[in-house]
Amino acid sequence: MSKIIRTEPNPVLSKAVEYHGFVFTQGMVARDLSLDVTGQTKDILAQFDQLLEEHGTEKTRILQAQIWLKNIDDRGALNEVWSAWLPENGAPARACVEAKMADPRMLVEIMLITTK
């Protein structure tokens with residue numbers, strides 16, 4: 001039986017859960033919510049770079065991404081940063097939707113599923 005590894009768990013969530021060769025992340029948001037959507041997206045992806053490394057995986061192993069935008073009109077700005085961050089021919093399956101965010105300063109939230 002595979003062991004479940006929880007990264008930075010608290011009473012309501014874990015930053016990531018590793019199970020049976022997969023890594024499931026929490027929805028990540030920018031640390032600095034005063035940034036525009038481009039800046040928030042760059043910050044989130046930098047956090048994912050660190051988290052993936054901590055779990056012994058990398059961007060080429062991302063299977064699926066779920067993205068929430070406060071304003072769907074920001075999709076172009078998000079896609080510009082997103083596509084520059086991804087490896088060539090490494091785009092995962094993805095959903096991108098407009099959503100009411102938990103904090104009105106949040107412009108984007110991203111969650112990933114990857115394999116090791």
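Below: a short report on this structure. Because the structure is a prediction, the values reported are computed rather than measured.

Rules of the game
- Residues numbered from 1 in each chain as written.
- Predicted model: local features only at pLDDT ≥ 70, side-chain atom pairs only at ≥ 80, totals over all residues.
- Heavy atoms only, no water.
- Salt bridge = Lys/Arg side-chain N within 4 Å of Asp/Glu carboxyl O.
- Helix = DSSP H or I, 4+ residues; strand = E, 2+ residues; numbered from the N terminus.
- Buried < 20%, exposed > 50% of the residue type's maximum accessible area, 1.4 Å probe, protein only.
- Contact = heavy atoms within 4.5 Å.
- Polar contact = N/O pair within 3.5 Å; in protein donor to acceptor, adjacent residues only side chain to side chain.
- Arc of directions from axis to C-beta.
- Pairing = 2+ DSSP bridges.
- Axes fitted to C-alpha atoms, helices over the stretch in contact; angles between N-to-C directions.

## A look at the pattern of salt bridges
Taken as a whole and assessed by the stated rule, the structure comprises four salt bridges. Residue Glu18 pairs with Lys116 through a salt bridge whose shortest N-O separation is 3.0 Å. Of this pair, Glu18 sits in strand β2 (residues 16-19) while Lys116 is found in the segment after β6 (108-115), placing the two residues 98 residues apart along the sequence. Its relative accessible area of 40% is what places Lys116 among the partly exposed residues. We note a salt bridge from Asp43 to Arg31, for which the minimum N-O separation is 2.5 Å.

## Some points on the environment of Glu58
Within the secondary structure, Glu58 sits in the loop between α1 (37-54) and β4 (62-69). Put simply, Glu58 and Lys116 are 58 residues apart on the chain and 7.9 Å apart in space, counted from C-alpha to C-alpha. Residue contacts for Glu58: discarding those within four places in its chain leaves Leu52 and Thr114. A polar contact is formed between the side chain of Glu58 and the side chain of Thr60, at a distance of 2.7 Å.

## Quick notes on helix α2 (residues 75-85)
All of the buried residues in α2 are Leu78, Val81, Trp82 and Trp85. Buried positions in α2, seen along its axis, are confined to an arc of 100° and lie on one side of it. More than 90 degrees from the buried face of α2, the exposed residues found are Glu80 and Ala84. Buried positions along α2 lie against α1, β4, β5 (93-98) and β6.

## Focus on the sheet that holds β2
What the six strands build is an open sheet, ordered β1-β2-β3-β6-β4-β5; its pairing is mixed. For this open sheet the edge positions go to β1 (5-7) and β5, each flanked by a neighbour on one side alone. Neighbour-to-neighbour, the strand axes of this sheet turn through a mean angle of 10°, independent of strand direction. Pairing geometry for β4 and β5, over six bridges, is parallel. The partner of Gln66 across the bridge, within β5, is Ala95. Relative to the sheet, α1 contacts β1, β2, β3 (22-25), β4 and β6, its axis offset from that of β6 by approximately 25°.

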